[in-house]
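# Inside the fold
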Amino acid sequence: DQQVKQNSPSLSVQEGRISILNCDYTNSMFDYFLWYKKYPAEGPTFLISISSIKDKNEDGRFTVFLNKSAKHLSLHIVPSQPGDSAVYFCAASALTMNYGGSQGNLIFGKGTKLSVKP
Amino acid sequence: SQTIHQWPATLVQPVGSPLSLECTVEGTSNPNLYWYRQAAGRGLQLLFYSVGIGQISSEVPQNLSASRPQDRQFILSSKKLLLSDSGFYLCAWMRFGRPNSPLHFGNGTRLTVT
């Protein structure tokens, strides 16, 4: 049962344009959402997060939007740069949900590979 | 600042051989520690989790085991590797007592079982 879904395995965008990465979730108990960026042969690095009490969080070129009624979040990258080319993982957690032996552990989507073309 | 070290970076092992991957965290005390695996097309799968020395929770029953002999040391082991154990293994930490906060990952170990 996949609780966090990234339905687009890949996305290609022109440099300077907007990249929009999408993520859907099924568990209404999730209250914290994160995006990670991963280059090949490296561990994921934390990008940005959002709490369920907000619907938008911005950090430089990265903005995360949360639509709780639709159980959907998205990551916007503006403007996109070739160095943004990587796999992006969406993740979610819930303080009230016991996963992996404790509460608040992260559940990840399968990732979306973003390619930004010069 | 906190850092996480994971080694080796790559490993090629024959089927049936043992495995030991090590992870250490610096700059924080009593972190929550995690082992994840990234298999092709399957995203990040949580394998083991630990909130303290000697405490291990297993999320997925399998051929692997984990141990936490010291506060900031986390070890992933196997007595006999299977072909299906191939993958990219990631150690991660989170601040103790701070659920709903980011996980911080090491650079991973690429394991190929032949």
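Just above, that's the structure.
The rules behind these values
- Residues numbered from 1 in each chain as written.
- Chains lettered and ligands numbered in written order.
- Predicted model: local features only at pLDDT ≥ 70, side-chain atom pairs only at ≥ 80, totals over all residues.
- Heavy atoms only, no water.
- Pairing = 2+ DSSP bridges.
- Helix = DSSP H or I, 4+ residues; strand = E, 2+ residues; numbered from the N terminus.
- Core = buried A, V, L, I, M, F, W, Y, C linked by side-chain atoms within 4.5 Å.
- Buried < 20%, exposed > 50% of the residue type's maximum accessible area, 1.4 Å probe, protein only.
- Contact = heavy atoms within 4.5 Å.
- Patch = residues over 30% accessible without salt bridge, like charges linked within 9 Å, V, L, I, M, F, W, Y side chains within 5 Å.
- Areas by Shrake-Rupley, 256 points an atom, 1.4 Å probe, with all protein chains shown as cover.
- Salt bridge = Lys/Arg side-chain N within 4 Å of Asp/Glu carboxyl O.
- Phe/Tyr/Trp six-rings, centres within 6.5 Å; stacked < 30°, edge-to-face > 60°.

To continue, consider the pairing of strand β6 (residues 55-58) of chain B. All names here are of chain B. Pairing analysis gives three bridges linking strand β5 (residues 44-52) to β6, with the strands arranged antiparallel. In the strand pairing of β6, Gly-52 is matched with Gln-55. The hairpin formed by β5 and β6 contains two residues between the paired strands, and Gly-54 there has a positive phi angle of roughly 75 degrees.

Moving on, we come to the nonpolar core. All names here are of chain A. In terms of nonpolar packing, the biggest core is built from 25 residues, with Phe-30, Phe-33, Trp-35, Leu-73, Leu-75 and Tyr-88 touching the most fellow members. Those elements that provide at least two residues to this core are β3 (19-25), β4 (32-38), β5 (45-51), β7 (62-67), β8 (72-77), β9 (86-93) and β13 (112-117). When residues in this core are grouped by element, the largest group, four residues, is from β9.

This brings us to the side chain of Gln-38 of chain B. Looking at where Gln-38 of chain B falls in the secondary structure, it is placed in strand β4 (residues 32-38). Apart from residues lying up to four places away in sequence, Gln-38 of chain B is in contact with Lys-38 and Phe-89 of chain A together with Gly-43, Leu-44, Gly-87 and Phe-88 of chain B.

A few words now on a nonpolar patch on the surface. All names here are of chain A. Where nonpolar side chains cluster on the molecular surface, the patch consists of Ile-18, Ile-20 and Val-78 and spans about 220 Å² of accessible area. Examined against the element boundaries, Val-78 turns out to sit in the loop between β8 and β9. What makes Val-78 partly exposed here is its relative accessible area of 42%.

Our next topic: the packing of aromatic side chains. Inspection of the entire model under this criterion finds 13 aromatic pairs over all chains. Each ring, one from Trp-35 of chain B and one from Phe-74 of chain B, has its centre 6.1 Å from the other, and the planes form 25 degrees; the classification is stacked. Of this pair, Trp-35 of chain B sits in strand β4 while Phe-74 of chain B sits in strand β8 (residues 73-78); the two residues are 39 residues apart in sequence, bridging distant segments of the chain. One aromatic cluster is present, formed by Tyr-36, Phe-46, Phe-89 and Phe-108 of chain A together with Tyr-34, Tyr-36, Tyr-49 and Phe-105 of chain B through successive ring pairs.

All quantities given are derived from atomic positions and should not be read as evidence of function.
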